[in-house]
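Listed below, chain by chain, are the residues.
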Amino acid sequence: MTATATKTLQATLAPPTAHKEHRLQRTVATYRRALKDSFESGADTQTAVNDVVIGYDLTSYAKDALKNYVPQLRRTYNASELDDDHPVRFTNRGWKLDHSEERTHEFCWRVPQAGRGNAFWIPLCINPAQRELWAELFTDDVTVGEFRLQEHRKNWVLHVTVEYAVAEPDEPDDPTPIGFDIGESKLLAGCACQDDTPTQPMLYDGGRARHLRKEMFTTLRRLQERDADWRIDERFDHYQNALTDIVEKASRQAVEYARQFENPVIVLEDLSYIREHLDYGTWMNRRLHAWAFARLAGRIEDKARDTGIPVRFVNPAYTSQTCHACGHLGSRNVQAVFRCTNDECWVTEYQGDINAAANIAGRLDPWGESLSLKPTDDDTLQDGSTFGSATAHRAPSAKPAQTTLAEWG
């Protein structure tokens, strides 16, 4: 069985000659005028956009991209105004690439230009980690989607969206389930279960991401109050790039952690409806909604698939409140502590984040779930500072009597 993966390739254009630089600048300026005019005209259909852009000196590939993009701005993004630095978008019909290992820059891109015979070639400085996909792009082993050209500081950057087939990993007969819990306090916790026992947990702290989100909200709000719109995009990009870097590092560490076990299967919570089911007040909801939970889960899934590790999604209900040892619902009134209320269970207090990660791993077998219809206690933390979807590690104690909290503090 195969699946389709999507990735964006990035390359920097080699420094162009003065003549080519002028033509690139002219293409960008013309495209942005066409975008601005079609957007401000209120056009919300491809036909209406075409009526606006038809007279502009642009390729049909750029015009077709505008006809797709402008209605999306209205319908999907509900945009009320445009940024000033929109990239030039082209549909895949205009894509052409050349390749030769004998050149200093082995890949060259044909820049679409209006008018017959006006297109020109320019060398690309590619990301070496993406070289295999660039090579497959040249041989048509991957499918090209939209591609975008943008000036970034003193460089020209090309982004190409590609789709390619990857083998869907088969679940092994004797899997080692590895649960990952994504949360606010601890960004990512992983816990493998071997013989139903939590083993060698890992933890990726969420402090840096939490600080960036808080700083981003405060900074952008202040800039809006000062009407410093020219700085908002710049600062937003800065924070988004920093958060993207955290997501990439955390997802890479998660997959590396999983690879150390025999027959690993990564288990994640199905958080597709998390936004609709969260209600912890305006302040907390803003913080949680600002963090794209699905973004990190998606990057873990992509990286796992590339390395041949299956990924499965399970019911997220009560993972932070259920005792991993006996299956009874307990309480989670502080972030670090889970308390089991079953007098017959050896667990009294357990590291809460680790307990949640182990529960997620344990749900790889859906027949193993046995949950009450609702929790026995409020899962909201006492100070309202974070919600009860846990995150951190956990390890069994030397004796199956108790896991102390001190080492996980």
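Definitions and limits used
In this convention, every chain numbers its residues from 1, walking through the sequence in written order. Whole-chain, interface and lining totals are the exception, using all residues; otherwise, since this is a predicted model, local features are given only for residues with pLDDT of at least 70 and side-chain atom pairs are given and counted only at 80 or more. No hydrogens and no water enter the side-chain calculation; it runs on all heavy atoms of the structure. pLDDT measures how confident the predictor is about each residue, on a scale from 0 to 100. Here a residue-residue contact requires only that any non-hydrogen atoms of the pair lie within 4.5 Å. Burial classes: relative accessible area under 20% of the type maximum marks a residue as buried, over 50% as exposed, and values in between as partly exposed (1.4 Å probe, protein chains only). A run of H or I in DSSP counts as a helix once it spans at least four residues, and a run of E counts as a strand once it spans at least two, with each numbered from the N terminus. Being paired, for any two strands, means DSSP has found at least two bridges between them. Lines fitted to C-alpha atoms define the axes, with helix axes restricted to the stretch in contact, and inter-axis angles between N-to-C directions lie between 0 and 180 degrees. Planes of paired rings set the category: under 30 degrees apart is stacked, over 60 is edge-to-face and the rest tilted, where pairs are Phe, Tyr or Trp rings (Trp by its six-membered ring) whose centres lie within 6.5 Å.

**Some details on the confidence of the model for the chain**
Phase 1: Overall, the predicted model of the chain reaches an average pLDDT of 77, with 74% of residues at or above 70.
Phase 2: pLDDT under 50 marks residues 273–290. Its contacts with residues more than four places away, or in other chains, come to 30 contacts.
Phase 3: Throughout residues 366–409 the model reports pLDDT below 50, and contacts reaching past four residues in sequence, or to other chains, amount to 131 contacts.

**Side note on the pairing of strand 4 (residues 107–111)**
Phase 1: Counting buried residues along strand 4, four of its five residues qualify, which places the element largely inside the surrounding structure.
Phase 2: Inspection of the sheet shows strand 3 (residues 97–99) paired to strand 4 by three bridges, in the antiparallel sense. Bridge assignment links D98 to a residue of strand 4, and that residue is C108.
Phase 3: Direction of pairing for strand 4 relative to strand 5 (residues 120–126): antiparallel, over a ladder of four bridges. Bridged to W109 within strand 5 is I122.

**A word on the sheet that holds strand 11 (residues 264–269)**
Phase 1: Reading across from one edge, 10-9-8-11-12 is the order of the five strands in this open sheet, with mixed pairing throughout. A strand with exactly one partner marks an edge of an open sheet, and here the two such strands are strand 10 (197–204) and strand 12 (311–314). Neighbour to neighbour, the strand axes of the sheet diverge by 25° on average, direction disregarded.
Phase 2: As paired elements, strand 9 (residues 188–194) and strand 10 share six bridges and run antiparallel to each other. Bridge pairing in strand 10 links Q194 to T197.
Phase 3: Seen against the sheet, helix 10 (residues 352–362) touches strand 8 (176–182), strand 9, strand 10, strand 11 and strand 12 and runs at an angle of roughly 135° to strand 8.

**What to know about the packing of aromatic side chains**
Phase 1: In this structure the tally under the stated criterion is seven aromatic pairs.
Phase 2: Ring centres of W95 and W134 lie 6.5 Å apart, and the angle between their planes is 40°; on these two criteria the pair is classed as tilted. Of the two residues, W95 is situated in the loop between strand 2 (88–90) and strand 3 and W134 in helix 4 (residues 131–138); the sequence distance between them amounts to 39 residues. In this pair, the class of W95 matches that of W134, namely buried.
Phase 3: Measuring from centroid to centroid gives 5.1 Å for W95 and F147, while their planes differ by 70°, and the two rings are edge-to-face.

**Re the sheet that holds strand 14 (residues 337–339)**
Phase 1: Strand order in the open sheet formed by three strands is 13-14-15, with antiparallel pairing between adjacent strands. The strands lining the two open edges of the sheet, one partner per strand, are strand 13 (331–334) and strand 15 (349–351). Between one strand axis and the next, the sheet turns through 35° on average, direction left out of account.
Phase 2: Contacts from helix 10 reach strand 13, strand 14 and strand 15, with the element oriented near 80° to strand 15.

**Digging into the pairing of strand 9**
Phase 1: In terms of burial, strand 9 is a largely internal element, six of the seven residues being buried.
Phase 2: As judged from the five bridges shared by strand 8 and strand 9, these two strands associate in the antiparallel manner. Counterpart to I178 in the pairing with strand 9 is A192.
Phase 3: Taking the residues between adjacent antiparallel strands as the criterion, strand 9 and strand 10 are bridged by two residues, where D195 takes a positive phi near 55°.

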